Amino acid sequence: MSISPELSDGLVAVVKQDCPTCLLVDPVLQEIERAGLGLTVCVQDDLDFSKATRILDDRNLEHSFGLGIETVPTLLRMAAGREVGRVVGWDRKAWAALCGMATLGEGLPAYRPGCGSKSVEPGIVEQLAVRFGDVGMQARRIAVPPLEDDIELCFDRGWSDGLPLVPPTEVRVYRMLQGTRRPPGEILGLVPPNLSPCTIEKVAINAVMAGCKPEYLPVVIGAVEAALDPVFCLHGLLATTWFSAPMIIVNGPVRERIGMNWRGNVLGQGNRANATIGRALQLVVRNVGGGRPQEADQSTFGTPAKYTFCFAEDEATSWETLAETRGFDRAQSCVTLFSADGPLGCADQKSREPAALIYSLAGSLRAVTHVDVANAADAVVVIGPEHGRVFDAAGWRKEEVLQALHSALHIAGVDLGMGTDAAAPVVQAGAKSTRPKFRPEGLTLVRAGGEAGLFSAIIPGWLMKGSLGTDPVSKEITP
Amino acid sequence: MTSILLDPTGELDPVKRLPRRKPASLANLTVALLDISKSRGDVFLNRLDELFKAQGIRTRRYKKPTFTRPAPVALLQAIASQCDVVVEGLAD
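Since the structure is predicted, the reported quantities are computational estimates derived from the model, not experimental observations.

Trainee: Help me out: how do you make sense of the overall build of chain B in this one?
Mentor: Within chain B, the regular secondary structure consists of 2 helices and 4 strands. Secondary structure elements in chain B, listed N-terminal to C-terminal, are β-β-α-β-α-β. Expected size for 92 residues packed as a compact globule is a radius of gyration near 12 Å; at 19 Å, chain B overshoots this value by more than 25%. When the backbone C-alpha atoms are referred to their principal axes, chain B occupies close to 70 × 30 × 25 Å. Considering chain B as a whole, with its 92 residues, one finds that 17% of them fall into the buried category. Looking at chain B alone, contacts between residues at least 24 apart form 78% of all its contacts between residues at least 6 apart.

Spelled out as structure tokens, the structure:
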């Protein structure tokens, strides 16, 4: 922000009437004027309160913002548009030194603190930054006509997933951008299907619309980065006739910092971070990428997960976390994206031994995609606390549970050959051989859920076939 | 008061995207038959190939590595440079 020419040289005092110290120093300002030192008095509120003659109206706070004033009175010395001296509050010796007037303010107290500048009152800073600052936001500006409802305009423009959006005003987007240190213009990648460049700013705009707080933004950015990794195959996931949506699982300290849910109703509604982070990713796909239902999104049924699907893992268990399994440590925050349909419940309220519980989980997992089809999709199993306790009590770690599940999940000679891998053998019905239901890396176990209920949740996904489909992707969340 | 919103879209969408005009006749044109690697897509395209050839229309066969991803650029360029129209075979 450049300094106004009126303030480029000489002394500048920034004051407001609503400040006892400013009232106290007003005679001093007149004293400086009488000495012919070239004083300009910027007034933030009542222009008539000061008896000084050279008053600059700063009721819109442009000069206070530009000069970075946090307290009034502040006295500055400017030279050729640059600040060369500053005194904050009333400090007789310092004022005298800055003005070169040894007897300045004689009779006044030696020191009085000032008051808060109007330019730093809550909620004002962002408005001033948008109005007067160089905030680096490049998106096209769209004016909402007077008397028109801005929420309805968001619907009319086709930005909404069907639910109301928070209108992305400049101030809201600027405030959102304060949630990251990354520059607004940084490009994260190309969003399918239109392959539009996605900047941090575009993510922030969509995060505002989704209802995110600024502190969620790094998580949304991490999710977008993961979704745009070619390994995730977002284009295919969006376009498929299958149900799936991107699902975000969050690990690490950020879960607690932003108040995410990994306890009761973990896959459901009611937690702002869980709900809005997942929604923000979907809005980026819709708005930046242009991926819309019945257009590029050709899903036959879709899934409620396409509104939003994001949750945190419960890390207070004896098991290695998802993040640790994927190579991160517990001090790191990260997101992992899977393709996911809605959850399928698995109730087993009787088993108290791991082997019996494996039988139940494996039986339910067999139904993923089709009961007789092997190796078509991966699945995430969210082990609830009460099921988790059965494994914990027997000392079963995650690896042992996975191994037991894979062993129990062989399909007996009835693969219908519906996988995408043309080279995979098609086993005819009635054949003696068996095939594994899931590829070795095709089952993922995480821990989450409410304390009561001997349940787990099976979350099947879309075609998980590496280069022929989608693979999970993890990204560290960076500030 | 008029409020200002920031555009959340890619800002790249054309007002209207028109497909190319369909040819009046396939005489002297080459038809690309693109198998997207869905199961039984070849059944559909083989039959079309027979029907085109019976009418004396040139065909060329192409295949995407997987239906889950967009066609590789090299494949798109090959089709665009060698053929005039494309039949893209879905199946299941």
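Trainee: Teacher, can you tell me more about the domain arrangement of chain A here?
Mentor: Reports of interface size often rely on the accessible area that becomes lost once the parts have come together. Domain annotation for chain A reports domain 1 (5–123) and domain 2 (153–476). Its C-alpha centre places domain 1 of chain A at a distance of 57 Å from the equivalent point of domain 2 of chain A.

Trainee: Explanation requested: the packing of helix H8 (residues 217–228) of chain A against helix H11 (residues 272–287) of chain A in the structure shown.
Mentor: Helix-helix packing is described using two parameters, namely the angle between the two axes and the distance between the axes. Residues and elements named next belong to chain A. Where H8 contacts H11, the two axes come as close as 9 Å, and the packing angle between them is 45 degrees. Regarding the angle of H8 to H11, the classification is oblique. You can see that H8 and H11 cross each other, and the crossing is right-handed. Two secondary-structure elements touch here, H8 through Val219, Val220, Ala223, Val224 and Ala227 and H11 through Ile277, Ala280, Leu281 and Val284. A per-class count over the contact of H8 with H11 returns 9 nonpolar, no polar and no charged.

Trainee: Hey, could you run me through the interface of chain B and chain A in this one?
Mentor: Facing 19 residues of chain B, the contacting portion of chain A comprises 36 residues. Among the residues making up the side of chain B that touches chain A, the classes are represented as 7 nonpolar, 8 polar and 4 charged. In this sheet, strand E1 (residues 3–6) of chain B lies alongside strand E10 (residues 141–144) of chain A in antiparallel orientation, the contact comprising 4 bridges. Bridge pairing in E1(B) places A:Arg141 opposite B:Leu6.

Calculation rules
Residues numbered from 1 in each chain as written. Chains lettered and ligands numbered in written order. Predicted model: local features only at pLDDT ≥ 70, side-chain atom pairs only at ≥ 80, totals over all residues. Helix = DSSP H or I, 4+ residues; strand = E, 2+ residues; numbered from the N terminus. Rg over C-alpha atoms; globule rule 2.2 N^0.38 Å. Buried ≥ 20, exposed ≤ 12 C-beta atoms within 10 Å, placed from the backbone. Contact = placed C-beta atoms within 7 Å. Domains from an automatic or database assignment. Axes fitted to C-alpha atoms, helices over the stretch in contact; angles between N-to-C directions. Parallel < 35°, antiparallel > 145°, perpendicular 65-115°, else oblique. Left-handed = near helix turned anticlockwise from the far one by under 90°. Nonpolar A, V, L, I, M, F, W, Y, C, P; charged D, E, K, R; others polar. Pairing = 2+ DSSP bridges.

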